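In case you want the letters, here they are:
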Amino acid sequence: MNSYDLITIGAGSGGVAASRRAAGYGARVLIVENDRVGGTCVIRGCVPKKLMMYAAGFRESLREAHAFGWDGLDGRFDLGRWAASKKAEIDRLEDAYRGLIADAGAELRAGHAKLVAPGTVEVDGQAFQAGRILIATGAAPARDAIAGLELAMTSNELLDLRELPASILVIGGGYIAVEFASILAGMGAQVTLAFRDRSPLRGFDPDLRVRLAGALEQRGLRLACGVALQALERVGPGYALLRADGTRVEAAAVLNATGRRPTTAGLGLERVGIETAPNGAIAVDVESRTQATGIWAVGDVTNRRNLTPVAIAEARAFADTEFGGRPTRVDHRTVATAVFTEPSIGTIGLSEPEAIALGPTDVYESEFRPMKSAFAGGAQRTYMKLVVDGRDDRVLGVHMIGPDAPEIVQSLAVALTCGATKRDFDRTLAVHPTAAEEFMLMRAPQRRTAA
Ligand code: NDP
């Protein structure tokens, strides 16, 4: 029988979460996937990226270990050996994902899904019907920001490299650009990060942006910033990036990290009356409904907050609402996020300029040398900021750059979600000696901005 309660297109984080939750409510579910199961996050994103980050981090750990008294730790990094282990781990996780789908009682089909009529999906020529259809096809690297980008690797290929290029140019200043620039430098490549703004990570709190730029430069990365980028071209065995001021940046290899685009081509959206934005994104309402009755979309394909936990939350809210009888909406306003650079960033809520634009703001800061790095003679610094509403003392933003920032900010996200005030932070006893305790020990505001 080719009839289901739900057909999900895409077996990534969002698609699998929705399908499992719906199946748990007793729905008959079919998931269609034309690539590996697990999606961007598991196969070619968050997970392998973090495994690569760990690999790169050992350079500094070995240096620190020596300073702490360890001898005989000098070594050479073998990217090929890491790649083999990474492949085995990703294969294991993909199997685990397949297991989760099977255990939930959902059916998985390999192939390309296409909407052919309301309620009907065709998979490689075979028709399937469902009362509800969920599009969770994610996004893929964009290659059209400047001419010649098709010559460059994307994060997909970079994660499969088996040999480290001697020099690499990373184009872009967003999450993917800064994370891979940091990782590649840690592994020993000579890295140039080229972006058009003066600081990386547009939209983040300015104090994090400036400190990240400084820390990357201190680690030996070259920043080619503040100039518009024009074109990439081949030069001999390498590449050259042409910039608007006539300068050129050359390297042996290039990573294009200029953003991602929703994956909607070939889905047949026009057949069911779903229009897309110029970048391909599917417009949805607060309950992830598309313009077409009976069709929903979640995750990066909708280009809301393009983060795995957000896709999962949207997916579960859809399943709870449509199959569980529990209407649920995702609050996209307070989303914690991390950038896995060295030093790492954790951030949630309003930046200082965003808060000031809304009213009176108090800003508390702390900056210090982390104990471990200071002992080892390192130049690292940790910076923390609390952005507080000057009228009612509510903490509106928490920002940190330094070791363990993602872990610390994740925990503080609970406090922000609960609407904690600065007084609540003050009456929280510290755990000593930790870096996180500094968030509880900020006495007087550094700056007060009146409305
Ligand atoms: P981002 O949108 O974060 O960054 C894109 C970068 O490309 C920006 O620096 C942008 O510059 C630059 N760019 C775009 N067009 C041009 C142009 N014409 N000329 C010059 N520069 C240009 O995209 P990413 O690909 O880095 O990441 C995609 C998404 O994936 C992120 O938004 C994030 O949501 C998610 N992600 C999350 C991670 C995490 O949680 N740790 C890790 C990796 C990805 P400008 O700012 O000047 O426009």
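Throughout what follows, the structure given in this document is the object of discussion. (Residues numbered from 1 in each chain as written. Predicted model: local features only at pLDDT ≥ 70, side-chain atom pairs only at ≥ 80, totals over all residues. Heavy atoms only, no water.)

## Considerations on the overall build of the chain
The helix and strand inventory of the chain stands at 12 helices and 22 strands. Taken against the 2.2 N^0.38 rule, which gives 22 Å for 451 residues, the C-alpha radius of gyration of the chain at 24 Å falls within 12% of a compact globule. Its C-alpha atoms put the chain at 70 × 60 × 45 Å along the principal axes. In the chain, which comprises 451 residues, the proportion classed as buried is 50%. If you sum the accessible surface of the chain, you get close to 20,800 Å²; carbon and sulfur atoms cover 51% of it. (Helix = DSSP H or I, 4+ residues; strand = E, 2+ residues; numbered from the N terminus. Rg over C-alpha atoms; globule rule 2.2 N^0.38 Å. Buried < 20%, exposed > 50% of the residue type's maximum accessible area, 1.4 Å probe, protein only. Areas by Shrake-Rupley, 256 points an atom, 1.4 Å probe, with all protein chains shown as cover.)

## Thoughts on the site of the ligand
Close to the ligand lie 19 residues, the nearest being Gly173, Arg196, Arg202, Asn306 and Ala338. In the model, a nitrogen atom of the ligand is placed 2.9 Å from a nitrogen or oxygen of the Glu179 side chain. Between the ligand and the protein, one listed contact pairs an oxygen atom with a backbone N or O atom of Asn306 at 2.7 Å. In terms of residues, the shell around the ligand owes the most to one element, helix H6 (residues 175–187), which gives 3 residues. Looking at the shell around the ligand residue by residue, the classes come out as 8 nonpolar, 6 polar and 5 charged. Formed jointly, the shell around the ligand draws a minimum of three residues from each of two domains, domain 1 (2–141 + 261–322) and domain 2 (149–258). (Near = heavy atom within 4 Å. Polar contact = N/O pair within 3.5 Å; in protein donor to acceptor, adjacent residues only side chain to side chain. Nonpolar A, V, L, I, M, F, W, Y, C, P; charged D, E, K, R; others polar. Domains from an automatic or database assignment.)

## Observations regarding the environment of Arg391
Here Arg391 is to be found in the loop between strand S20 (382–389) and strand S21 (395–401). Overall, Arg391 belongs to the exposed group, its relative accessible area being 55%. Expressed as a C-alpha distance, the spacing of Arg391 and Thr137, which sit 254 residues apart in the sequence, is 43 Å. When sequence neighbours within four positions are dropped, the list of residues in contact with Arg391 reads Leu358, Gly359 and Pro360. (Contact = heavy atoms within 4.5 Å.)

## Description of helix H11 (residues 405–417)
Here H11 is 13 residues long and its end C-alpha atoms lie 18 Å apart, about the 18 Å a rise of 1.5 Å per residue gives. Most pronounced at Ser411, the bend in H11 amounts to some 25°. Listed as buried for H11 are Ala405, Pro406, Ile408, Val409, Leu412, Ala413 and Leu416. Along its buried surface, H11 packs onto strand S17 (337–339), strand S18 (345–349), S21 and helix H12 (422–426). Looking at the residues trailing H11, positive phi occurs at Gly419, about 80°. (Expected span 1.5 Å × (residues − 1). Bend = angle between axes of the 7 residues up to and from the residue.)

## Some thoughts on the nonpolar core
Most often, soluble globular proteins have nonpolar side chains that are buried together. Met52, Leu158, Ile168, Leu184, Val191 and Leu193 are the most contacted members of the largest nonpolar core, which totals 42 residues. Mapped by element, the contributors of at least two residues to this core are helix H3 (46–67), helix H4 (79–104), strand S8 (167–171), H6, strand S9 (190–194), helix H7 (206–218), strand S14 (253–256) and S17. Examining the composition of this core, we find that 8 residues originate from one element, H6, more than from any other. Sequence-distant contacts of Val191, that is, excluding residues within four places in its chain, are made with Ile168, Val170, Ala181, Leu184, Ala185, Leu221 and Arg222. If you look at the next biggest cluster of nonpolar residues, it comprises 26 residues, including Leu6, Ala17, Ala27 and Trp296. (Core = buried A, V, L, I, M, F, W, Y, C linked by side-chain atoms within 4.5 Å.)

## Here we look at the sheet that holds strand S13 (residues 248–251)
The 3 strands lie next to each other as S11-S12-S13, forming an open sheet whose pairing is antiparallel. Since the sheet does not close on itself, it has two edges, and those belong to strand S11 (229–235) and S13, each with one partner. Averaged over neighbouring strand pairs, the angle between their axes works out to 20° when direction is ignored. Here 4 bridges tie strand S12 (residues 238–243) to S13, and the two strands are oriented antiparallel to one another. Along S13, the bridge assignment pairs Ala240 with Glu250. (Pairing = 2+ DSSP bridges. Axes fitted to C-alpha atoms, helices over the stretch in contact; angles between N-to-C directions.)

## Focus: the packing of H3 against H6
Interaxial distance between H3 and H6 falls to 7 Å at its minimum, and their mutual angle equals 40°. On the basis of their axis angle, the class for H3 and H6 is oblique. Where H3 crosses over H6, the handedness of that crossing is left-handed. Residues Lys49, Met52, Met53, Ala56 and Arg59 of H3 form the contact with H6, whose participating residues are Glu179, Phe180, Ile183, Ala185, Gly186 and Met187. (Parallel < 35°, antiparallel > 145°, perpendicular 65-115°, else oblique. Left-handed = near helix turned anticlockwise from the far one by under 90°.)

## Details of a nonpolar patch on the surface
Taken together, the side chains of Tyr54, Phe58, Leu62, Phe68, Trp70, Leu73 and Phe375 present a nonpolar region at the surface, about 770 Å² in accessible area. Among the elements that make up the nonpolar patch, the one with the highest residue count is H3 (3 residues). Mapped onto the secondary structure, Trp70 falls in the loop between H3 and H4. By relative accessible area, Trp70 is classed as exposed at 57%. (Patch = residues over 30% accessible without salt bridge, like charges linked within 9 Å, V, L, I, M, F, W, Y side chains within 5 Å. Salt bridge = Lys/Arg side-chain N within 4 Å of Asp/Glu carboxyl O.)

## Digging into the pairing of S12
Within S12, 5 of the 6 residues are buried, which leaves the element mostly enclosed by the surrounding structure. Bridging between S11 and S12 involves 6 bridges; their strand directions are antiparallel. Looking across to S12, one finds that Ala231 is bridged to Leu242. Counted between consecutive antiparallel strands, the loop separating S11 from S12 contains 2 residues, among which Gly236 sits at a positive phi close to 55°. Once S12 ends, the chain turns through 4 residues before running back antiparallel as S13, passing Gly246 with a positive phi of about 90°.

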